[in-house]
Amino acid sequence: QVQLVESGGGLVQAGGSLRLSCAASGRTFSTYTMGWFRQAPGKDREFVAHIGWRGGSVQYADAVKGRFTIYRDNAKNTVYLQMNSLKPEDTAVYYCAASRVTRPVAVLYDYWGQGSQVTVSS
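Parameters at a glance
Residues numbered from 1 in each chain as written. Predicted model: local features only at pLDDT ≥ 70, side-chain atom pairs only at ≥ 80, totals over all residues. Heavy atoms only, no water. Helix = DSSP H or I, 4+ residues; strand = E, 2+ residues; numbered from the N terminus. Rg over C-alpha atoms; globule rule 2.2 N^0.38 Å. Polar contact = N/O pair within 3.5 Å; in protein donor to acceptor, adjacent residues only side chain to side chain. Contact = heavy atoms within 4.5 Å. Phe/Tyr/Trp six-rings, centres within 6.5 Å; stacked < 30°, edge-to-face > 60°. Lys NZ or Arg CZ within 6 Å of the ring centre and 35° of its normal.

Draft legend 1. Fine view of the overall build of the chain. Each helix and strand counted, the chain has 0 helices and 11 strands in total. Reading the secondary structure of the chain in the N-to-C direction produces β-β-β-β-β-β-β-β-β-β-β. A compact globule built from 122 residues would reach a C-alpha radius of gyration of about 14 Å, and the chain, at 13 Å, matches this within 12%. Overall, the C-alpha framework of the chain stretches about 40 × 25 × 25 Å when taken along its three principal axes.

Draft legend 2. Geometry of the side chain of His 50. Tracing the backbone through its elements, the reader meets His 50 in strand S5 (residues 46-51). For His 50, the side chain forms a polar contact with the main-chain oxygen of Ser 57, separated by 3.0 Å. If we skip the residues at most four places from it in the chain, His 50 touches Thr 33, Met 34, Gly 35, Ser 57, Val 58, Gln 59, Ile 70, Thr 102, Arg 103, Pro 104 and Tyr 109.

Draft legend 3. Examining the packing of aromatic side chains more closely. Counted according to the given criterion, the structure contains 7 aromatic pairs. Taken together, a centroid distance of 5.8 Å and an interplanar angle of 70 degrees make the contact between Phe 37 and Phe 47 edge-to-face. Note that Phe 37 is positioned in strand S4 (residues 33-39) and Phe 47 in strand S5, a separation of 10 residues in sequence. Where Phe 37 meets Trp 112, the ring centres are 5.1 Å apart and the plane angle is 55 degrees; that geometry is what we call tilted. Placement of the pair is Phe 37 in strand S4 and Trp 112 in strand S10 (residues 111-112), with a sequence separation of 75 residues. Through pairs of rings, three or more aromatic residues link up here, namely Phe 37, Phe 47, Tyr 95, Tyr 109 and Trp 112. Over the aromatic face of Trp 112 sits the side chain of Arg 45, whose NZ or CZ is 4.7 Å from the ring centroid. The ring of Tyr 32 carries the charged tip of Arg 100 above its face, separated from the ring centre by 4.0 Å.

Draft legend 4. Focus on unusual backbone geometry. With a phi close to 50 degrees, Ser 57 is a non-glycine residue in the positive phi region. Structurally, Ser 57 is set in the loop between S5 and strand S6 (59-60). Despite not being glycine, Asn 77 shows a phi value in the positive range, around 55 degrees. Its location among the elements puts Asn 77 in the loop between strand S7 (68-73) and strand S8 (78-83).

Draft legend 5. Up close: the environment of Val 58. Among the structural elements, Val 58 can be located in the loop between S5 and S6. The spacing of Val 58 and Ala 24 is 34 residues in sequence and 19 Å in space, taken between C-alpha atoms. For Val 58, the residues in contact, after removing those within four places along its chain, are His 50, Ile 51 and Ile 70.

Draft legend 6. Structural context of the environment of Ser 85. Along the polypeptide, Ser 85 turns up in the loop between S8 and strand S9 (92-99). A sequence separation of 26 residues divides Ser 85 from Gln 59, and the C-alpha atoms of the two residues are 18 Å apart.

Everything listed is a geometric property; what it means functionally is a separate question.
Printed below as a string of structure tokens:
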């Protein structure tokens, strides 16, 4: 069992930066692929980024490539999403999730956080 708690969301102007954190409970955190997904109002949940359990196998959605960076600290049981050059279209609830497989597919993730709101004003 893995419990995930996101933090770091908020309101930022376009062009600004935010860093999301996702703290995990449990001693098996380091064995999971960690992913970030987001869901905007009226839209489906979409993949943002994932990172393998050793810190490799990093993949980004095309919409965030070059602007967002995912990384993890297994000693702290935490995964991060650094978001730079934010755009209004990045506005969404952001979720972290844990999976035993490294695929950018939401249904393959077993554990989810409660979500953190990110709002980017123009």
